[in-house]
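The chain contents come next:
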Amino acid sequence: MPTLTGLALAAATLLGAAGSASAQEQVLNLYSARHYQTDEALYSNFTKATGIKVNRVDADDAGILARLKAEGAASPADVIMLVDAARLWKGDADGLFRPIKSPALEAAVPVNLRAKPSADGTTWFGFSTRARIVVYDKLKVKKADVDTYEELADPKNKGLLCTRSGAHPYNLSLFSAVTEHLGEAKTEQWLKGLVANMARDPKGGDTDQIKAVASGECGVALTNSYYLARLMRSSAPEDKAVVERVGVVFPNQATWGTHVNIAGAAVAKNAKHPENAVKFMEYLASPEAQNYFANGNNEWPSVPTVKVDNPALKAMTGGSFKAETIPVSAIGYNQIKVQQMLDRVGYK
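None of the values given here were measured: they were computed from a predicted structure.

Attention now moves to the overall build of the chain. When you go through the chain residue by residue, the secondary structure sums to 15 helices and 10 strands. Computed over its C-alpha atoms, the radius of gyration of the chain comes to 20 Å, within 12% of the 20 Å expected for a compact globule of 348 residues. In terms of overall dimensions, the chain has C-alpha extents of about 65 × 45 × 40 Å along its principal axes. Sequence-distant contacts, at least 24 apart, represent 78% of the contacts inside the chain between residues at least 6 apart. Total accessible area on the chain is roughly 14,300 Å²; 55% of this is exposed by carbon and sulfur atoms. On the chain, the mean spot of the 39 positive side-chain charges and the mean spot of the 36 negative ones are 2 Å from each other.

Topologically, D239 is positioned in helix 10 (residues 237-245). Here D239 sits buried without a salt bridge, and the closest side chain of opposite charge, K211, lies 4.5 Å off (N-O distance). Discounting chain neighbours no more than four positions away, the residues touching D239 are K211, L231 and S234.

Right, let's get into the state of the cysteines. Summed over the entire model, instances satisfying the criterion amount to 1 disulfide. Between the sulfur atoms of C162 and its disulfide partner C218 the distance amounts to 1.9 Å. A torsion of -75 degrees about the S-S bond marks the disulfide between C162 and C218 as left-handed. Here C218 lies in the loop between helix 8 (206-215) and strand 7 (220-224) and C162 lies in strand 6 (residues 161-162), a separation of 56 residues in the sequence.

Now for the pairing of strand 7. Counting buried positions along strand 7 gives 5 out of 5 residues, so the element sits mostly inside the fold. Of the two faces of strand 7, the one holding V220, L222 and N224 and the one holding A221 and T223 are both buried throughout. Pairing geometry for strand 6 and strand 7, over 2 bridges, is parallel. From the neighbouring strand, L161 faces strand 7, where its bridge partner is V220.

We now examine the packing of aromatic side chains. Taken as a whole and judged by the stated rule, the model has 10 aromatic pairs. Here the aromatic rings of F46 and F280 are separated by 5.0 Å at their centres, their planes lie at 80 degrees, and the arrangement is edge-to-face. Highlighted residues: F46 in helix 2 (residues 40-50) and F280 in helix 11 (residues 274-284), separated in sequence by 234 residues. Judged on exposure class, the residue F46 and its partner F280 are both buried. A connected cluster of aromatic rings, assembled from ring pairs, spans Y43, F46, F280 and Y283.

The next point concerns the pattern of salt bridges. Applying the stated criterion across every chain yields a total of 17 salt bridges. Taking the shortest distance from any N to any O, the salt bridge between K90 and D94 comes out at 2.7 Å. Overall, the relative accessible area of 35% leaves K90 in the partly exposed class. As a salt-bridge pair, R344 and E188 come within 2.7 Å of each other at their nearest N and O atoms. Here R344 is found in helix 15 (residues 335-345), whereas its partner E188 is found in helix 7 (residues 184-196), with 156 residues between them in sequence. For R344, a relative accessible area of 54% gives the class exposed. Bridged by salt links that share partners, the residues R34, D39, R130 and E299 form one connected network.

How each quantity is defined
All residue numbers here refer to positions counted from 1 along the written sequence of the relevant chain. Two thresholds apply to this predicted model, a pLDDT of at least 70 for residue-level local features and 80 or more for giving and counting side-chain atom pairs, whereas whole-chain, interface and lining totals are computed over all residues. As a rule here, side-chain values cover all heavy atoms of the structure and leave hydrogens and water aside. In DSSP terms, a helix is any run of H or I states spanning at least four residues, a strand is any run of E spanning at least two, and both are numbered starting from the N terminus. Atoms counted for the radius of gyration: C-alpha only. Globule rule: 2.2 Å times residue count to the power 0.38. Any two residues having at least one pair of non-hydrogen atoms within 4.5 Å are treated as being in contact. Note that accessible areas follow from Shrake-Rupley with a 1.4 Å probe, and for residues the cover is restricted to the protein chains shown. In this tally, Asp and Glu contribute negative charge and Lys and Arg positive charge; neither His nor the terminal groups of the chain are included. By convention, the charge on Lys lies at NZ, on Arg at CZ, on Asp at CG and on Glu at CD. Between buried and exposed lies partly exposed: a residue is buried under 20% and exposed over 50% of the maximum accessible area for its type, with that area taken using a 1.4 Å probe on protein chains only. A side-chain nitrogen of Lys or Arg and a carboxyl oxygen of Asp or Glu constitute a salt bridge if their distance falls within 4 Å. In this description, a disulfide is simply a cysteine sulfur pair whose atoms lie within 2.5 Å. Paired strands, in this sense, are two strands between which DSSP finds at least two bridges. Think of it this way: a Phe, Tyr or Trp ring, Trp meaning its six-membered ring, pairs with another when their centres are within 6.5 Å, and the plane angle makes it stacked under 30 degrees, edge-to-face over 60, tilted otherwise.

Without other data, these values stay purely geometric and don't point to any function.
Take a look at the structure:
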């Protein structure tokens, strides 16, 4: 992961690139939290189609937001790409994004997958979605016992649950969505039940949770869907063995639907090339780019008219699943409450 020093050097490089290209406006400076090699095709194809060169700084969501604050009006960033709805909400709340008006984006991206609009426009849009799913040990656990998020806190699953840190953005976003569905009091009791059902202290990433279920260390775990899809598409024998051992559940299909998070983008408040930034945002909603999201990183397109043929996603869902429809912006403003709950219940 880049250090702040590395980011500073990269940002300085971008400033130089921006200055040399400003006359012809054939440059776009991108700060991206997406670290997927398959995204390179997104950038190169945008350049081929428009002649606009993409200069990129990579960091995680928190690092990018911190960098934007530190740089202020001098920031060279034109577009910000983040991989969590709550981080997008935070950047928006901190005034780091510029509202834009784009009929193309408004027509393509569903209302619940973008920021709440103001008179000046909309600040951020989601361009791909990923589900927060449940994997379970098919030898030890019945699917019917873990087919809702609520059941993960039921005493019948005591000693079975594994997760990564409760404070990780992926879990914070899920817990914030649950707060929207259940209310604060019931969500805190639910979180207390999750802690009581832990097989071990939270640790590792999502792939680690899947492998812990396959090894028998855990009976059930939470993961983002694309981590499982990667294992399903792998040809490595050890990955095939993991996939064979675990079952998958898209929770709450009979109620509010499975929680989905987004990867999205915004135009930076101090963008030096705002027209190019809007062009890039509109390109991300194109069928070509949406298919790269789906097939390159095993995500679902945010644009509902785009159809994809990803074998792992299709195998996981049987073709489709019911997703929750709450505005993803609600996930952001519930996070402070959720963090306080986590402290109170001892969720590490």
